[in-house]
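# Coordinate inspection notes
Listed below, chain by chain, are the residues.
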Amino acid sequence: MQIPNENEYDEGHFMQKNNNQLDLFLKNHFEFPSDNLNEIRKFIAQDYELEKMIYDLPQIVSNELNYKKISFDFMKETDPNEKILEIVIYSELESEILLQKEDLICDMLIDKYPKTFLEYIILVDPYE
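This one's a predicted model, so the numbers in the text were calculated from it and none came from an experiment. (Residues numbered from 1 in each chain as written. Predicted model: local features only at pLDDT ≥ 70, side-chain atom pairs only at ≥ 80, totals over all residues. Heavy atoms only, no water.)

## Here's the deal with the overall build of the chain
Stated formally: Helix and strand labels come from DSSP, where a helix needs a run of H or I of at least four residues and a strand needs a run of E of at least two; each type is numbered from the N terminus. We call a residue buried when its accessible area falls under 20% of the maximum for its residue type, exposed when it is over 50%, and partly exposed in between, using a 1.4 Å probe and counting protein chains only. The contact rule is simple, with two residues in contact once any of their heavy atoms fall within 4.5 Å.
A count of helical and extended segments in the chain gives 4 helices and 3 strands. The buried share among the 128 residues of the chain stands at 37%. Within the chain, contacts between residues separated by at least 24 positions form 66% of all contacts whose residues are at least 6 apart in sequence.

Below, the structure written as structure tokens:
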């Protein structure tokens, strides 16, 4: 049996590994119109429940609708000190159906991840 040394745990190394995994996941699954991936990654990493939601988001969305892309940005209409993550899902469905899907996806995320403390908004827009 191997017993780890007490001083071998390196929290900084763990955090760096976790940040790299999140960074890679974000790059592979989402778009960033404002080219602010690092800022968004730092924002998401502050809230474990939000991070879990982000990892599950592509699967949850694809179960409800065919989408072309998902983009992340911060809402521009708010105070710069108050950041709200804006998640936009683009699909080729009709506008009326998109509104229904938006409501459904939002309700599902709120029910599944009720403990997020950072703010986000989900929008489903037509793909052009």
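## Here we look at the confidence of the model for the chain
So the rule is basically this: What pLDDT conveys is the predictor's confidence in a given residue, as a value from 0 to 100.
Model confidence for the chain is summarised by a mean pLDDT of 87, while 86% of its residues fall at 70 or above. Counting interchain partners and residues more than four positions distant, the pLDDT-below-50 stretch residues 1-17 has 1 contact.

## A short note on unusual backbone geometry
The backbone phi angle of aspartate 35 is positive, close to 50°, even though this residue is not glycine. The residue aspartate 35 is located in the loop between α1 (11-29) and α2 (37-45) in this model. Aspartate 35 sits in the exposed class, given a relative accessible area of 71%.

## A closer look at the side chain of serine 71
With respect to the helices and strands, the residue serine 71 is situated in strand β1 (residues 69-74). Ignoring sequence-local partners within four residues, the contact set of serine 71 consists of Glu31, Pro33, Glu86, Ile87, Val88 and Tyr90.

## Brief notes about the pattern of salt bridges
Applied cut-off: Salt bridge, as used here, is a side-chain nitrogen of Lys or Arg placed within 4 Å of a carboxyl oxygen of Asp or Glu.
The final tally for this structure, using the stated rule, is 8 salt bridges. As a salt-bridge pair, glutamate 49 and lysine 52 come within 3.3 Å of each other at their nearest N and O atoms. Of this pair, glutamate 49 and lysine 52 are both found in helix α3 (residues 48-64), 3 residues apart, which corresponds to roughly one turn of the helix. Residues lysine 76 and aspartate 73 are paired through a salt bridge, measuring 3.0 Å at the closest nitrogen-oxygen approach. Overall, the relative accessible area of 8% leaves aspartate 73 in the buried class. One salt-bridge network, in which partners are shared between bridges, spans Asp23, Lys27 and Arg41.

## Here's the deal with the sheet that holds β1
Going by this rule: Each pair of strands is called paired provided DSSP finds at least two bridges between the two strands. Helix axes are fitted to C-alpha atoms over the stretch in contact, other axes to C-alpha atoms as well, and angles between N-to-C directions run from 0 to 180 degrees.
Strand order in the open sheet made by the 3 strands is β1-β2-β3, with mixed pairing throughout. Looking at the sheet topology across the chains shown, the edges are occupied by β1 and β3 (120-126). The mean angle between the axes of side-by-side strands here comes to 20°, regardless of whether they run parallel or antiparallel. When β1 meets strand β2 (residues 85-91), the two strands line up antiparallel, connected through 6 bridges.

## Topic: the packing of aromatic side chains
Applicable threshold: Ring geometry is summarised as follows: Phe, Tyr and Trp rings, the Trp one being its six-membered ring, pair when their centres sit within 6.5 Å, and such pairs are stacked at plane angles under 30 degrees, edge-to-face over 60 and tilted between the two.
Tallied over the full model, the rule gives 5 aromatic pairs. With centroids separated by 6.0 Å and ring planes inclined at 85°, the aromatic side chains of phenylalanine 32 and phenylalanine 72 adopt a geometry described as edge-to-face. Taken together, the positions of phenylalanine 32 in the loop between α1 and α2 and phenylalanine 72 in strand β1 put the pair 40 residues apart, joining distant regions of the chain. For the pair shown, phenylalanine 32 and phenylalanine 72 are each scored as buried. Ring geometry for phenylalanine 43 against phenylalanine 74: centres 5.2 Å apart, planes inclined by 80°, an arrangement best described as edge-to-face. Here phenylalanine 43, found in helix α2, pairs with phenylalanine 74, found in strand β1; they are 31 residues apart in sequence, far enough to count as distant.

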